[in-house]
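Architecture at a glance
This is what each chain is made of:
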Amino acid sequence: GVDIKGNRQWMGAKAAIENKLSNAAFLRTRIEFIESCFSLHEVSDLWITFPDPQLQKARKRLTSPLFLNRYKNILAPQGCIHLKTDNSELFEYTLEMIKEHRDHLIDSTNDLYGNITSAEREEVASIQTHYESIFLKQGMKICYLKFRL
């Protein structure tokens, strides 16, 4: 997990310890420094879960070209990016970025829980963030994308 807010890191670390996760790590830093935290092609998959959609500042979106280029340096050659969001504008924006940059779209749905069509989607739906469970209780649809740069 990468976040500047210590409380979120603490909650994630506590959950990782309680669930005996051995493949979890937490970085308290700004996402802009992500390339300084990982070696070239070190990351197998990258999950972006319920980020601030930055509706007024597209360049600050975690799926903007600026960030996608940073991820390209740390992702393994066959590594994937996964996006889960309740924000349809961010979802559509990311689809447009994938198309514009000719990235490889692997999976896409604007209603993950209403459209579980594979074992992989079922697994993606089985792991919920804190915010995701809140959004689901409010009847909101969760969008999901999986793509390769």
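This report concerns the structure included in the present document. (Residues numbered from 1 in each chain as written. Predicted model: local features only at pLDDT ≥ 70, side-chain atom pairs only at ≥ 80, totals over all residues. Heavy atoms only, no water.)

Moving on, we get to the sheet that holds strand 4 (residues 75-85). Spatially, four strands are ordered 3-4-6-5 in an open sheet, and the strand pairing comes out mixed. The open sheet has two edge strands with one neighbour each: strand 3 (43-49) and strand 5 (104-109). Sheet twist, expressed as the average angle between the axes of neighbouring strands with direction ignored, equals 10 degrees. Note that strand 4 and strand 6 (residues 143-148) share five bridges and pair antiparallel. Its bridge partner being in strand 6, Thr85 is matched across the sheet by Cys143. Packed on one face of the sheet, helix 3 (residues 65-74) meets strand 3, strand 4 and strand 6 and runs near 135 degrees to strand 4. (Pairing = 2+ DSSP bridges. Helix = DSSP H or I, 4+ residues; strand = E, 2+ residues; numbered from the N terminus. Axes fitted to C-alpha atoms, helices over the stretch in contact; angles between N-to-C directions. Contact = heavy atoms within 4.5 Å.)

What follows is about the side chain of Asn87. As for its position among the elements, Asn87 is in the loop between strand 4 and helix 4 (88-100). Residue class for Asn87 comes out buried when judged on its relative accessible area of 15%. Within the structure, Asn87 has its side chain in polar contact with the backbone nitrogen of Leu90 (distance 2.7 Å). In this view, Asn87 contacts Pro53 and Leu55; residues no more than four positions away in its chain are not counted. (Buried < 20%, exposed > 50% of the residue type's maximum accessible area, 1.4 Å probe, protein only. Polar contact = N/O pair within 3.5 Å; in protein donor to acceptor, adjacent residues only side chain to side chain.)

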